Amino acid sequence: MINDKKILFSGMQATGNLTLGNYLGALKNWVNLSDEYECFYSVVDMHSITVRQDPATLRKRARALLTLYIAAGLDPKKNCIYYQSHVSGHAELSWILNCFTYMGELNRMTQFKDKSAKHADNINAGLFTYPVLMAADILLYQADVVPVGIDQMQHLELTRDIAIRFNNLYGDVFTVPEAYIGKVGAKIMSLQEPCKKMSKSDENPNGSIYLMDDPDTIIRKCKRAVTDSEACVAYRDEQPGVKNLIDIYSACTGKTPSEVESEFEGKGYGDFKMAVGEAVVSILKPLQDRVKELEADKAYIDSIIKENAEKANYYAAKTLRKVQRKVGFPDRIR
Ligand code: TYM
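Presented here is a report on the structure given in the accompanying data block. In this text, all values refer to a predicted model and were calculated from it rather than measured experimentally.

## Comments concerning the overall build of the chain
When its secondary structure is counted, the chain shows 13 helices and 5 strands. For a compact globule of 334 residues, the expected C-alpha radius of gyration is about 20 Å, and the chain comes in at 21 Å, within 12% of that figure. Projecting the C-alpha coordinates of the chain onto the three principal axes gives extents of approximately 75 × 45 × 40 Å. The 334 residues of the chain split such that 52% are buried.

Structure below.
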């Protein structure tokens, strides 16, 4: 607990262009939960280098992502918004947790399997131990809750296993975190291949709506979205393309899938897709405007980066010192 509130941790990678999936599956929930919890939102730049990055681009994207967190409505005076690489405790705890994680566990991670297939020329040790760094991120702040999309569930389960294992050996050191999965939008699918998740690394740009896409592009991508020949706006697994569009529309408007079905009863896919596009624009356009405004205020963003890194370091150091003592590292001489 901090200030009598439970603790929330989450993060996003500053890799590629963020998609509507990242927004609806994660960021939107973060904003909804931010009053209830003491929150830490990290730009996880250390995770990003498990795949080769251009340094200047990574730096630029990391800053853009941090700005986006604020633009989405997270108040940086209340929520700790910071760069993972500014808090050395992440790497230090990650090392310790590596020694409490089994190769067999990491071998089972589906994201590792997918990423190593995609980057066969660079299957580095960081890619393999990525979930341990993620566990360190979460456990470092004693987080109670971690809002993520469904694709991160396996990593969350591993984090819980590591925390429980450590606690069984050394007493109650870590809070065992729970995942928070939103009711809608937890798995937004590609607009072109609705059985595949919408992803920033998708080679087909028409499959994803990027958060910075202009309104015309968003409408065009929605109009081109793959559907079926049923000609019926119904929320069922047999119509994955339509189901995904209903999910997107629901998440953007707050309507339930059955309300959406009634709204479009007897209407064609053309009308429906247009409405989905407009609903997405109505969410993303204000966000984009706010990003531009904030980007212009360099001194403000810099001050947030500095203050919040100090705050994150303070809480991280508390956990880290405790863990170091537990495993037997010598006390510091003051
Ligand atoms: P990342 O950067 O791939 O994605 C950020 C968040 O967006 C969610 N997400 C989606 N949700 C719904 N539909 C989609 N199509 C979709 N695509 C992505 C992800 O589930 C995630 O919540 N390993 C993490 C980053 C991370 C992290 C952490 C998260 C590092 N440390 C600690 C939570 C706690 C990742 O790569 O997310």
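That was the structure; now back to the text.
## Observations regarding the pairing of strand 2 (residues 38-43)
The two faces of the sheet receive side chains in turn, since in a regular strand these alternate between them. When you tally the buried positions in strand 2, you get 6 out of 6 residues, the bulk of the element. A two-sided burial pattern is seen for strand 2, the buried positions comprising E38, F40 and S42 on one face and C39, Y41 and V43 on the other. Across 6 bridges, strand 1 (residues 7-12) lies against strand 2 in parallel orientation. Considered in strand 2, the bridge of G11 is made with S42. For the crossover that starts at strand 1, traverses helix 1 (residues 20-33) and ends in the parallel strand 2, the hand is right-handed. Bridge count for strand 2 against strand 3 (residues 80-83) is 4 bridges, and the pairing is parallel. Across the sheet, the residue bridging to V43 is Y83, located in strand 3.

## So, helix 3 (residues 55-71)
When the terminal C-alpha atoms of helix 3 are compared, their 24 Å separation across 17 residues agrees well with the 24 Å that a helix rising 1.5 Å per residue should span. Regarding helix 3, the residues found buried are L58, A62, L65, L66, T67, L68, Y69, I70 and A71. G73, located one to two residues past helix 3, shows a positive phi value of around 120°.

## A few points about the site of the ligand
Near the ligand you find 27 residues, and of these Y130, D137, G149, D151 and I188 are the closest. Within the contact set of the ligand, an oxygen atom lies 3.1 Å away from a side-chain nitrogen or oxygen of N22. In the environment of the ligand, a nitrogen atom lies 2.6 Å from a nitrogen or oxygen atom belonging to the side chain of Y130. Burial of the ligand by the protein amounts to 97% of the accessible area it has alone, namely 710 Å². Looking at the shell around the ligand, its residues break down into 12 nonpolar, 10 polar and 5 charged.

## A short note on the layout of surface pockets
In this structure, the second largest pocket encloses a volume near 450 Å³. Forming the walls of the second largest pocket are 18 residues, and the residues nearest its centre are N17, R61, A64, L65 and M212. Every element with two or more residues in the lining of the second largest pocket is listed here: helix 3 and helix 12 (269-296). The class makeup of the residues in the lining of the second largest pocket is 9 nonpolar, 4 polar and 5 charged. For the lining of the second largest pocket, the domains that each give at least three residues are domain 1 (6-180 + 298-327) and domain 2 (205-293).

## Details of the packing of helix 3 against helix 13 (residues 298-327)
Contact pair helix 3 / helix 13: the axes reach a minimum separation of 11 Å and the direction vectors enclose 90°. Taken together, the axis directions place helix 3 and helix 13 in an arrangement best described as roughly perpendicular. For the pair helix 3 and helix 13, the contacting residues are R63, L66, T67 and I70 in the first and K298, I301, D302, I304 and I305 in the second. Each residue belonging to the contact of helix 3 with helix 13 can be placed in one class, and the counts come to 5 nonpolar, 1 polar and 3 charged.

## So, the pattern of salt bridges
Applying the stated criterion across every chain yields a total of 18 salt bridges. Two residues, K221 and D213, come together in a salt bridge whose shortest N-O distance is 2.7 Å. Comparing K221 with D213 shows no difference in burial state: the two are buried. In this structure, R236 and E238 form a salt bridge, with 3.4 Å as the shortest nitrogen-oxygen distance. A residue is classified by how much of its surface remains accessible, and E238, at 58% relative accessible area, is exposed. One continuous salt-bridge network, built from bridges that share partners, spans R63, K298 and D302.

Rules used in this analysis
- Per chain, residues are indexed from 1 in the order of the written sequence.
- Predicted model: local features are reported for residues with pLDDT of at least 70 only, side-chain atom pairs are reported and counted for 80 or more only, and whole-chain, interface and lining totals are derived from all residues.
- Hydrogens and water are ignored here; the side-chain numbers use all heavy atoms of the structure.
- Only DSSP runs of H or I covering at least 4 residues are called helices, and only runs of E covering at least 2 are called strands; the numbering of each starts at the N terminus.
- As defined in this context, the radius of gyration uses C-alpha atoms, and a globule is described by 2.2 Å times the residue total to the power 0.38.
- The buried label goes to any residue with under 20% of its type's maximum accessible area, the exposed label to any with over 50%, and the partly exposed label to all in between, with areas taken from a 1.4 Å probe on protein chains only.
- Strand pairing is assigned whenever DSSP identifies at least 2 bridges connecting the two strands.
- We call a crossover right-handed when, viewed with the strands running away from us, the connection from the first strand over the helix to the second turns clockwise.
- Under the convention used throughout, the expected extent of a helix is 1.5 Å for every residue step, that is, one less than its residue count.
- For each residue, the test is whether any non-hydrogen atom lies within 4 Å of the molecule or strand; if one does, the residue is near.
- Two N or O atoms form a polar contact when they lie within 3.5 Å of each other; inside protein one atom must be a possible hydrogen donor and the other a possible acceptor, and for residues adjacent in sequence the pair counts only when both atoms belong to side chains.
- Note that accessible areas follow from Shrake-Rupley with a 1.4 Å probe, and for residues the cover is restricted to the protein chains shown.
- Side-chain classes follow a simple rule in which Ala, Val, Leu, Ile, Met, Phe, Trp, Tyr, Cys and Pro form the nonpolar group, Asp, Glu, Lys and Arg form the charged group, and the remainder, Gly included, forms the polar group.
- Computed over the protein atoms alone on a 1 Å grid, cavities are sets of points where a 1.4 Å probe fits but cannot get out and pockets are open sets with protein on both sides within 12 Å along at least five of seven lines; a residue lines them when it has an atom within 4 Å of a point.
- Grid points are joined across faces, edges and corners, and a volume is the space filled by probe spheres set on the points.
- Marked domain ranges trace back to an automatic or database domain assignment.
- Axis definition: a line fitted to C-alpha atoms, limited for helices to the stretch in contact. Angles are taken between N-to-C directions and run from 0 to 180 degrees.
- In this scheme, roughly parallel covers angles under 35 degrees and roughly antiparallel covers those over 145, while 65 to 115 is roughly perpendicular and the rest are oblique.
- Note on contacts: a residue pair qualifies if any of its non-hydrogen atoms lie within 4.5 Å across the two residues.
- Note on definitions: salt bridges are taken to be side-chain nitrogens of Lys or Arg within 4 Å of carboxyl oxygens of Asp or Glu.

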